[in-house]
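So the chains spell out like this:
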Amino acid sequence: MLVLGIETSCDETAAAVLFAGKQICSNVVSSQVAIHRPYGGVVPELASRQHIQNIVPVIQQALDEAGVQLHALEGISVTQGPGLVGALLVGIQAAKSLAFVLGTPLVGVNHLEGHICAPQLSTTVEQPPHRHVALLVSGGHTLLVMVEGFGRYRLLGRSRDDAAGEAFDKVAKLLDLGYPGGPVIEQLAVEGDGAAIRFPRALPRKDELDFSFSGLKTAVANHVRKHGVPKGTELGDLCASFQQAIADVLVRKASRAVQTSRTCALVAGGGVLANGAIRNALNRAAAKEGFALFVPELELCTDNAAMIAAAGTRRLQAGEHSPLEMNALPRLSLDGC
Ligand code: KG4
Ligand code: ZN
C-alpha cells in the first residue's frame, strides 16, 4: 500500500510517501524555527500562515522525491490532533481535497500514535515487542503510555504543567539563549558540571508516573534573579545542572513505568530525545535494570509525516476510513480520556 502522510500539528510542515507501512520513499520536513525564533516560542497564527504557504510545495516535493504520481496513492493519512487547531486544519484540508479529487481513502491519525509507530520505520533500531511502554517527550508533550498493541493505549503519566521541551525553551529564553532552547542548552552543558547546582527533581510521589517541570523552571528563574544571568563556566554549570534534573526525572519515571507494567521494553521519541545526555541516561538505566530501549534516529524522533503515514497505513489496512467531514481535534488523547 502506497500512502501519503501529512503532518502540520505544530511548526513543521511535513509530507512523506510510505510503501508497505515501513519503506520510506520520501520524508520532507519544512521547519518554521526561523519564523518563530524572534518570539521565543511557536506563535500559532504565524504557524498556520506558514503551513498554508508551504503545504502544497512540501507535498509536491514528497511526491517528486518518491517518484510517485498522485493517482498512484492508495491512501492519505493526516494528523487529526492533538496540536494547534489552525495548524492542524491546513494539513487536514489539504488531505481532504486530495482524497476528494482522487477518490483515495482518507484516515485521520493521532500525532502521538505516529510517534509510537516511528521505530517501525527505523533501519537501525530493531522492532520493539507489541507490548511496551512509550515515553514521548517534546515541546508539547511529556507522556508515559502503556502500549498493549497497535491502537490499544493506556495513559500512565503526563506532565501536570510544562512539557520537558517547553522547560528547555523557557529556561533558554530566561538565559537569553534563543529558540529552540534544547540544542543550545545541550551544547553549553557539555562544558558544565551537572552536579554544580542542585535543582529540584519534582517526583510528585515515587509510585506516581506524572511529571512536573514548572518548579524546576522557577528554581532556575530564582537562581538567575539571585545571581544574575551567568556567563562562561557558570553558564555551562547551570545548563548542565538543569539538563541533569530533567534527565533524572525522565529516567526515574520511565524506569518505574517499565517495572510496574511488567514489560521489558521502552520506546522513546520526541524532540527532547535529540539530547545525547538524556539518551545516555536512558541507556544506562536500561542496561542497569535490564529492559530494552528503542530510540529511532533523530529525523524519526522529531515531528515528521512518515510516522503519520505508518500509523495511517495500519488503520487503512484494518479498513478504517475517515469521512470527508473530518475535523481537527486539537485536544485528542490516546486513550479517549
Ligand atoms: O518533537 P519536536 O521536534 O516538536 C514538538 O514539540 O512537537 O520537539 C521540539 C522540542 C523543543 O522544545 C526543543 O527545545 C526540544 O524539543 N529539543 C531538545 C533538543 N533538541 C530539541 N531538547 C533537549 N535537547 C536537545 N538537543
Ligand atoms: Zn510530536
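What comes next is a walk through the structure. (Residues numbered from 1 in each chain as written. Chains lettered and ligands numbered in written order. Predicted model: local features only at pLDDT ≥ 70, side-chain atom pairs only at ≥ 80, totals over all residues. Heavy atoms only, no water.)

## A look at the sheet that holds strand 8 (residues 152–158)
So, point 1. Strand order in the open sheet formed by five strands is 8-7-6-9-10, and the pairing between neighbours is mixed. What marks the edges here is a single partner per strand, and that holds for strand 8 and strand 10 (292–294). When strand polarity is set aside, the average angle formed by the axes of neighbouring strands in this sheet is 25 degrees.
So, point 2. Strands in contact with helix 8 (residues 232–260) are strand 6 (132–137), strand 7 (142–149), strand 8 and strand 9 (265–269); relative to strand 6, the strand with the most contacts, it is inclined by about 160 degrees. (Pairing = 2+ DSSP bridges. Helix = DSSP H or I, 4+ residues; strand = E, 2+ residues; numbered from the N terminus. Axes fitted to C-alpha atoms, helices over the stretch in contact; angles between N-to-C directions. Contact = heavy atoms within 4.5 Å.)

## Brief notes about the packing of helix 5 (residues 164–174) against helix 7 (residues 214–227)
Packed helices, taken two at a time, are described by their axes: the angle between them and the distance between them.
So, point 1. At a minimum axis distance of 10 Å, the contact between helix 5 and helix 7 shows a crossing angle of 10 degrees. Looking at the two axes, helix 5 sits roughly parallel to helix 7. Mapping the contact onto sequence places Lys 170, Val 171 and Leu 174 in helix 5 and Lys 217, Val 220 and Ala 221 in helix 7.
So, point 2. Looking at the contact of helix 5 with helix 7 residue by residue, the classes come out as four nonpolar, no polar and two charged. (Parallel < 35°, antiparallel > 145°, perpendicular 65-115°, else oblique. Nonpolar A, V, L, I, M, F, W, Y, C, P; charged D, E, K, R; others polar.)

## Details of the coordination of the zinc ion (ligand 2)
For a metal with four tetrahedral donors the ideal donor-metal-donor angle is 109.5 degrees, whereas six octahedral donors ideally subtend 90 or 180 degrees.
So, point 1. Protein-derived ligands of the zinc ion (ligand 2) are His 111 (NE2), His 115 (NE2) and Asp 303 (OD), with the metal-ligand distances lying across 2.1 Å.
So, point 2. One chain supplies every donor to the zinc ion (ligand 2), and in sequence these donors are spaced H-x3-H-x187-D. Linking His 115 in helix 4 (residues 111–117) with Asp 303 in the loop between helix 10 (298–301) and helix 11 (306–317), this pair joins segments that are 188 residues apart in sequence.
So, point 3. Relative accessible area serves as the criterion here: at 15%, Asp 303 is assigned to the buried category. (Donors = N, O, S within 2.8 Å, 3.2 Å for Na, K, Ca; no water. Buried < 20%, exposed > 50% of the residue type's maximum accessible area, 1.4 Å probe, protein only.)

## Overview of the environment of Phe 242
So, point 1. Looking at the secondary structure, you find Phe 242 in helix 8.
So, point 2. Sequence-wise, Phe 242 and Thr 142 are 100 residues apart; in three dimensions their C-alpha atoms are separated by 17 Å.
So, point 3. If we skip the residues at most four places from it in the chain, Phe 242 touches Ala 167, Phe 168, Val 171, Ile 185, Phe 199, Leu 216 and Val 220.

## With respect to the side chain of Ser 138
So, point 1. Within the secondary structure, Ser 138 sits in the loop between strand 6 and strand 7.
So, point 2. A residue is classified by how much of its surface remains accessible, and Ser 138, at 12% relative accessible area, is buried.
So, point 3. With residues up to four places along the chain from it excluded, the contact list for Ser 138 reads Ala 163, Ala 164, Gly 165, Glu 166, Gly 270, Gly 271 and Val 272.

## Considerations on the environment of Ala 72
So, point 1. Here Ala 72 is to be found in the loop between helix 2 (44–66) and strand 4 (75–81).
So, point 2. Taking the relative accessible area as the measure of exposure, Ala 72 reaches 34% and is therefore partly exposed.

## Overview of the site of ligand 1
So, point 1. Near ligand 1 you find 18 residues, and of these Gly 139, Asp 169, Glu 186, Gly 271 and Asp 303 are the closest.
So, point 2. At 3.1 Å, a backbone N or O of Gly 165 approaches an oxygen atom of ligand 1.
So, point 3. Within the contact set of ligand 1, an oxygen atom lies 2.9 Å away from a side-chain nitrogen or oxygen of Asp 303.
So, point 4. The protein chains hide 88% of the 550 Å² of surface that ligand 1 would expose on its own.
So, point 5. Mapped onto the shell around ligand 1, the elements with two or more residues apiece are helix 5 and helix 6 (181–189).
So, point 6. At four residues, helix 6 tops the list of elements feeding residues into the shell around ligand 1.
So, point 7. Its residues placed into classes, the shell around ligand 1 shows five nonpolar, ten polar and three charged. (Near = heavy atom within 4 Å. Polar contact = N/O pair within 3.5 Å; in protein donor to acceptor, adjacent residues only side chain to side chain. Areas by Shrake-Rupley, 256 points an atom, 1.4 Å probe, with all protein chains shown as cover.)

## Considerations on the pairing of strand 5 (residues 106–110)
Note on strand geometry: in a regular strand, side chains alternate between the two faces of the sheet.
So, point 1. Counting buried positions along strand 5 yields five of five residues, so the element is predominantly enclosed.
So, point 2. Burial of strand 5 is two-sided: the residues Leu 106, Gly 108 and Asn 110 facing one way and the residues Val 107 and Val 109 facing the other way are all buried.
So, point 3. Looking at chain direction, strand 4 and strand 5 are connected through five bridges and run parallel. Following the sheet pairing, Thr 79 is matched in strand 5 by Val 109.
So, point 4. Remark: the strand 4/helix 3 (residues 85–102)/strand 5 crossover connection has right-handed handedness. (Right-handed = clockwise from strand over helix to strand, strands pointing away.)

## Looking at unusual backbone geometry
So, point 1. Here Gly 81 and Pro 82 are connected by a cis peptide whose omega angle stands at -10 degrees.
So, point 2. Within the secondary structure layout, Pro 82 lies in the loop between strand 4 and helix 3.
So, point 3. Omega for the peptide link from Tyr 179 to Pro 180 comes to -5 degrees, which places this bond in the cis form.
So, point 4. Locating Pro 180 in the fold gives a position in the loop between helix 5 and helix 6.
So, point 5. Phi is positive for Ala 20, close to 55 degrees, though the residue is something other than glycine.
So, point 6. On the secondary structure map, Ala 20 appears in the loop between strand 2 (12–19) and strand 3 (23–31).
So, point 7. Backbone geometry at Asp 176 places phi at a positive 60 degrees, although glycine is not the residue there.

## Regarding the pairing of strand 2
So, point 1. Burial runs high along strand 2: seven of the eight residues are buried.
So, point 2. In terms of strand pairing, strand 1 (residues 2–7) meets strand 2 through six bridges, oriented antiparallel. By the bridge assignment for strand 2, Gly 5 is matched with Ala 16.
So, point 3. Between strand 1 and strand 2, which pair antiparallel and follow one another directly, the connecting turn spans four residues.
So, point 4. Here eight bridges tie strand 2 to strand 3, and the two strands are oriented antiparallel to one another. By the bridge assignment for strand 3, Leu 18 is matched with Ile 24.
So, point 5. What sits between strand 2 and strand 3 in their antiparallel hairpin is a turn of three residues, with Ala 20 showing a positive phi close to 55 degrees.

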